Amino acid sequence: MASKLGLAGGIAERRVRPIWDAIDSRQFKNALKLSASLLSKYPNSPYALALKALILERMGKNEEALSVCLNAKGILLSNDSSNVIDDLTLSTLQIVFQRLDHLDMATSCYEFACGKYPNDLELMMGLFNCYVREYSFVKQQQIAIKMYKIAGEERFLMWAVCSIQLQVCCSDGGEKLFHLAEGLLKKHIASHSLHEPEALSVYITLLEQQSKYENALEILSGPLGSLMMIEVDKLRLQGKLLAKARDYVPAAVCFQKVLELCPDDWECFLQYLGCLLEDESMLTNMTDPNPFILAKCNNIQLEAEVFDSRMSIAVNFVQKLTAVGNNNSFRCPYLANLEIERRKILCGKGDTDKIVEDLMQYFIRFGHLGCFTSDIELFLQVLDDKKKSVLLKTLEKELELSSSVPTKALGQSISVLKIQNLIGNMFTLPVNEVEDLAVRMTQMFCQNLPLSKELDAQDSMYGEELLSMACDVLVQLFWLSRNLGYLLESIMILEFGLTIRRYVWHYKLLLVHLYSYWNSLPLAYERYKSLDVKNILLETISHHILPQMLASPMWSDLNYLLTEYVKFMDDHFRESADLTFLAYRHRNYSKVIEFVQFKERLQRSKQYLMAKIEVAILQLKQNSNHIDEAESILESSKFGTHFLELSNEIRIKPLAFNEDLKLRPWWTPTNDKNYLLGAFEGVSQCPTANMKPSSDIIDWINFCIFFNAWNLISHEIMLSDRSDPTSGTWHIVNSLLRKFTIEKINSAGPVVSSPGATLPFLVQLITEPLSWHGLIIQSCVRSLVPSGKKKKKGGSTEQSNLQISYTLQNSIRSLCDTIQIIVKWLKEQLDKPEDESFEAIFSTIQDHNDNGPGKVFQALESSLSLMKDADLGDRILESLNSWIAADIPRKIISGQHGLLSEFLRICELKIKSLQELSMNL
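Residues numbered from 1 in each chain as written. Predicted model: local features only at pLDDT ≥ 70, side-chain atom pairs only at ≥ 80, totals over all residues. Heavy atoms only, no water.

### Topic: the overall build of the protein
No. 1: Across its full length, the protein holds 44 helices and 0 strands.
No. 2: Judged by the C-alpha coordinates and their principal axes, the protein covers about 95 × 90 × 60 Å.
No. 3: Counting all 921 residues of the protein, 50% fall into the buried class.
No. 4: If you take every contact in the protein between residues at least 6 apart in sequence, the share linking residues at least 24 apart comes to 70%.
No. 5: Split by element, the accessible area of the protein, about 42500 Å² in all, is 52% carbon and sulfur. (Helix = DSSP H or I, 4+ residues; strand = E, 2+ residues; numbered from the N terminus. Buried < 20%, exposed > 50% of the residue type's maximum accessible area, 1.4 Å probe, protein only. Contact = heavy atoms within 4.5 Å. Areas by Shrake-Rupley, 256 points an atom, 1.4 Å probe, with all protein chains shown as cover.)

Right, here's the structure in full:
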């Protein structure tokens, strides 16, 4: 606040303070009144005008704010000797210009000021800030070097060096620029040395980027190396540089020292072993040292004797690590034994029995941890099916002798179930045994609820994963049998889990996909909203719901999803520059590069590009019954050229795919795959074939419609003949729409008991190709009957118009008939009594005499009756008492009715619009 309250533009602090206080307390009307009083005394003060513009912008009066800002800018740049140019005036103008998306004007003000006062560091830093906001890396470098020459400060040199790095990493600057940055640093070090650890890191990175590993090691081991005060970090960096220089033995020594200081560093052990074995493929993954990727490296060229010797060294070292403090909480030494044996097997020298033995030892120590299965997944891959079965049986025997500590026993039981699923034999079992597994998981969850009675509502429950695992089993049983009861049970147990603890995000994600598949999208959207997805998660998580919403009639909710996502991204792009400049100010140069690269990746996001296009398409859908509104929307997007410009902007670099697909359920691994839409493919949980929804058909129909429109404007259109109504391209389009509508309706079962892609396909058919065809018809009708003009009679023109009118009438009639088929079907679905629909669903899990679905439901009901007498704590007991299984089918039916009703509304409005159009012909 001190800078705000100093003299600015010759105005005393006491006159300015009340205005800033009013702004800070959001009393904008009072602030504007005080600003008017100030301007009456200083009418030509750029600072007083900037304050008024700031207030107007905060009040939402953007046009007035811009006008006042431009006035202030004009006075500021007028070369009037009475004008006082200071950083406070310029920074205030910059705030307003930035908010109004006119940052270039703020930049021009600073450039003028720096030209007038060429040695003013404050003004130059303000100009540097402008260039940071514009991502003008070359100009950043130039102004930073000017500041360095004036002040000789290390920070300004580093600003210049970072700007050079950004030119290479995030722009089209060549790698030769690295030589310039290196030369600047060498010259500075020779005269001033370096004083900041971050400056040393930048220098090392710069040398590394040029593959000058020996030079970087020399710097690190010299006097400058003392700037890196954490020994472990220094050793890690030395090890990485030595490995990249292919000096493997000393690199291994460095990583060994790190492990002696940090015995549980698994990533470091993989680097250590890779260096011992001189594994060349490890080098390509040093920039992204994911332990799973590093473990996959196996490009070993050592002779047999050297390999055995190096492995012996590794075994001895791991034995020492294991003995250090005998700390059983360290997983790395035990995983290290497994990794050594795995590498031996890959080279034809290992023993799978030793792997099984080491896995058992790992299970005894760490089998209760949630990470156990992911820890050992890689090592299971070197075992054949026979050895995997031996391991599973051994684990099950060990489980019977497991710890008496209930939480540990529960964790081990879950791990064994996960291993059973992971090795792929769960679904080689008979169906009734697989059902029993789902029952056992559900019962195990209920029986262990007392363990969670003391936990806070936001803490994860013990055995929480059991319901997700049971859900996966039930969904696969549904895929195998097409018996709806399994699907209902999968939803039921997840909703039961959420009744007890409503914060379980993986239950909600599973439900989003299950409800979507069952055409109960309002329920899916409700579960998605309860995830409270914000900020960057909008980029990584929204793929769980957005594709389904794009093919739905829930336009209001879809509009909110798209606009909120685009708004977050656009706001982030504006605000990321602030973070970048803060990183410069705080001398955190690695963060500068990170922030800019992150922003660049988001700007190339496939999902962001898609959302910006879909916003306009949604507006067209919503206004497709009114051609004037549709034309206005097209005009705002430059009739489609805006989208081409968007794609051209990112054509230089590849699209970024930032969605976190690991969180998706196995049956829909990507947006365009859903294995449940096709036939069961076997026992694997990773089917080989891709089961697509019907989007390709929609694309082909769209193509036919736009091809027909293209022929129309090219005067090559084939119109229908009165003597042969089936002739012409218009008839082909009408027939396609009708054909696929009838096919889908005829093959569709009742929505309540027939999950699948029928409803989304019909929605897309009506809201996309049929709507675009309707817009073309509206355009033709308008050209035939110009507003306020009478039809002319006589001649070939009249004959042509009559033929066009006849074709349009046929098309309108055909479209109305096509939509009417869907309307009839929708009304049939909606007119079914709710009790009948409820019975159709709920009966699938009742009274099956142990054949088919229902076992999990019965187990849940019986467990509930037993649990109500157990010591569960008030919170869990209250949740159990509120649980009513019959509510689930009723919610599903309600969600389906909501979706069908909204679709029916759209269809009826479309028919009404077409009928009104027909009357104008």
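### Details of unusual backbone geometry
No. 1: For Tyr 135, which is not a glycine, the phi torsion comes out positive at approximately 55 degrees.
No. 2: For Arg 587, which is not glycine, the phi dihedral falls at a positive 60 degrees.
No. 3: Turning to its location among the elements, Arg 587 is positioned in the loop between α31 (555–585) and α32 (589–603).

### Observations regarding the environment of Tyr 584
No. 1: Within the secondary structure, Tyr 584 is located in helix α31.
No. 2: A relative accessible area of 1% places Tyr 584 in the buried class.
No. 3: Through-space distance from the C-alpha of Tyr 584 to that of Ile 340 is 44 Å; in sequence the pair is 244 residues apart.
No. 4: With sequence-adjacent residues up to four places away left out, Tyr 584 is seen in contact with Phe 128, Val 132, Gln 140, Trp 159, Cys 162, Ser 163, Leu 166, Tyr 589 and Val 592.

### Description of the pattern of salt bridges
No. 1: Scanning all chains against the criterion turns up 43 salt bridges.
No. 2: Its salt-bridge partner being Arg 58, residue Glu 57 comes within 3.8 Å of it at the nearest N-O pair.
No. 3: Its relative accessible area of 31% is what places Arg 58 among the partly exposed residues.
No. 4: Its salt-bridge partner being Arg 99, residue Glu 57 comes within 3.7 Å of it at the nearest N-O pair. (Salt bridge = Lys/Arg side-chain N within 4 Å of Asp/Glu carboxyl O.)

### Things to note about helix α23 (residues 406–422)
No. 1: In this model α23 runs 24 Å from its N-terminal to its C-terminal C-alpha over 17 residues, within 8% of the 24 Å that 1.5 Å per residue would give.
No. 2: Of all the 17 residues making up α23, 12 are buried; the element is thus mostly covered by neighbouring parts of the structure.
No. 3: Each element contacted by the buried residues of α23 is listed here: α20 (352–366), α21 (372–380), α22 (385–400), α24 (431–447) and α25 (465–481).
No. 4: Looking one or two residues beyond α23, the residue adopting positive phi is Gly 424, at roughly 85 degrees. (Expected span 1.5 Å × (residues − 1).)

### Some details on the confidence of the model for the protein
No. 1: When pLDDT is averaged along the protein, the result is 88; 91% of the residues meet or exceed 70.
No. 2: Scored below 50 in pLDDT, residues 1–6 makes 11 contacts in the model with residues more than four places away or belonging to other chains.
No. 3: Counted against residues more than four places away or in other chains, residues 683–692, with its pLDDT under 50, gives 23 contacts. (pLDDT = per-residue confidence, 0-100.)

### Description of the side chain of Ser 624
No. 1: With respect to the helices, strands and loops of the structure, Ser 624 is situated in the loop between α33 (606–622) and α34 (627–636).
No. 2: A polar atom in the side chain of Ser 624 sits 3.1 Å from the backbone oxygen of Lys 621.
No. 3: Here Ser 624 is in contact with Ser 771, Leu 775, Gln 778 and Lys 910, once residues within four sequence places are set aside. (Polar contact = N/O pair within 3.5 Å; in protein donor to acceptor, adjacent residues only side chain to side chain.)

### Considerations on the packing of aromatic side chains
No. 1: Throughout the structure, instances matching the rule amount to 26 aromatic pairs.
No. 2: Between Trp 479 and Trp 666, the aromatic rings sit 5.8 Å apart at their centres with planes inclined by 45 degrees, giving tilted as the arrangement. Linking Trp 479 in helix α25 with Trp 666 in the loop between α35 (641–649) and α36 (695–713), this pair joins segments that are 187 residues apart in sequence.
No. 3: With relative accessibility at 1%, the residue Trp 479 sits in the buried group.
No. 4: Geometrically, the ring pair formed by Phe 573 and Tyr 608 is edge-to-face, given 5.4 Å between the ring centres and 75 degrees between the ring planes. Highlighted residues: Phe 573 in helix α31 and Tyr 608 in helix α33, separated in sequence by 35 residues.
No. 5: Residue Phe 573 is classed as buried on the basis of its relative accessible area, which comes to 12%.
No. 6: Taking the relative accessible area as the measure of exposure, Tyr 608 reaches 7% and is therefore buried.
No. 7: Connected via pairs of aromatic rings, a cluster forms that spans Phe 128, Phe 156, Trp 159, Phe 581 and Tyr 584.
No. 8: The ring centre of Phe 740 lies 5.4 Å from the NZ or CZ of Lys 739, which sits over that ring.
No. 9: The ring centre of Phe 838 lies 4.0 Å from the NZ or CZ of Arg 890, which sits over that ring. (Phe/Tyr/Trp six-rings, centres within 6.5 Å; stacked < 30°, edge-to-face > 60°. Lys NZ or Arg CZ within 6 Å of the ring centre and 35° of its normal.)

### Some points on the side chain of Ser 35
No. 1: In this fold, Ser 35 is placed in helix α3 (residues 28–41).
No. 2: Exposure remark for Ser 35: the relative accessible area of 1% places this residue in the buried category.
No. 3: Each residue touching Ser 35, except ones within four places of it in the same chain, is listed here: Ile 19, Ala 48, Lys 52 and Ile 55.

### Focus: the state of the cysteines
No. 1: Scanning the entire structure with this criterion turns up 0 disulfides.
No. 2: Among the cysteines around Cys 69, which has no disulfide bond, Cys 109 carries the closest sulfur, lying 8.3 Å off.
No. 3: On the basis of relative accessibility, which here comes to 0%, the residue Cys 69 falls in the buried class.
No. 4: Considering cysteine sulfurs only, Cys 169 is the nearest to Cys 170, which forms no disulfide, with 5.7 Å between them. (Disulfide = S-S within 2.5 Å.)

### Some thoughts on the packing of α33 against α34
No. 1: Where α33 meets α34, the closest approach of the two axes is 9 Å, and the angle between their N-to-C directions is 165 degrees. By the criterion of interaxial angle, the relationship of α33 to α34 is roughly antiparallel. The handedness of the crossing between α33 and α34 is left-handed. Along its contact with α33, which presents Ala 616, Gln 619 and Leu 620, the element α34 presents Ala 630, Ile 633 and Leu 634. (Axes fitted to C-alpha atoms, helices over the stretch in contact; angles between N-to-C directions. Parallel < 35°, antiparallel > 145°, perpendicular 65-115°, else oblique. Left-handed = near helix turned anticlockwise from the far one by under 90°.)

### Some details on the nonpolar core
No. 1: Membership of the largest hydrophobic core comes to 150 residues, with the highest contact counts inside it found for Ile 23, Phe 128, Trp 159, Phe 269, Tyr 272 and Leu 359.
No. 2: Considering every element that reaches this core, the biggest residue donor is helix α10 (residues 154–169), with 10 residues.
No. 3: Each residue touching Ile 23, except ones within four places of it in the same chain, is listed here: Phe 28, Ala 31, Leu 51, Leu 54, Ile 55 and Arg 58.
No. 4: Core analysis: the second largest hydrophobic core is formed by 145 residues, Met 426, Met 461, Cys 471 and Leu 514 among them. (Core = buried A, V, L, I, M, F, W, Y, C linked by side-chain atoms within 4.5 Å.)

### Thoughts on helix α11 (residues 177–192)
No. 1: The first and last C-alpha atoms of α11 sit 22 Å apart over 16 residues, in line with the 22 Å expected at 1.5 Å per residue.
No. 2: When we look at burial in α11, the residues that qualify are Phe 178, Ala 181, Glu 182, Leu 185 and His 188. Projection of α11 onto a plane perpendicular to its axis shows the buried side chains occupying an angular sector of 130 degrees, all on one side. Among the exposed residues of α11, those pointing more than 90 degrees away from its buried face are Lys 187, Ala 190 and Ser 191. (Arc of directions from axis to C-beta.)

### Quick word on the environment of Leu 177
No. 1: Following the sequence through the fold, Leu 177 ends up in helix α11.
No. 2: The class of Leu 177 is partly exposed, set by a relative accessible area of 22%.
No. 3: Spatially, the C-alpha atoms of Leu 177 and Gln 210 are 11 Å apart, while their sequence positions differ by 33 residues.
No. 4: What Leu 177 contacts, discounting residues up to four positions off in sequence, is Ile 164, Gln 167 and Val 168.

### Comments concerning a nonpolar patch on the surface
No. 1: A grouping of Ile 536, Leu 537 and Phe 598 is seen on the molecular surface, where their side chains present a nonpolar patch of about 230 Å² in accessible area.
No. 2: Considering the arrangement of structural elements, one finds Leu 537 in helix α29 (residues 537–541).
No. 3: We classify Leu 537 as partly exposed; its relative accessible area is 40%. (Patch = residues over 30% accessible without salt bridge, like charges linked within 9 Å, V, L, I, M, F, W, Y side chains within 5 Å.)

### Quick word on the environment of Leu 103
No. 1: Here Leu 103 shows up in helix α7 (residues 103–116).
No. 2: Each C-alpha atom of the pair Leu 103 and Arg 133 lies 8.0 Å from the other, and the pair is 30 residues apart in sequence.
No. 3: Apart from the residues within four sequence positions on either side, Leu 103 is in contact with Gln 94, Phe 97, Gln 98, Cys 130, Arg 133 and Glu 134.

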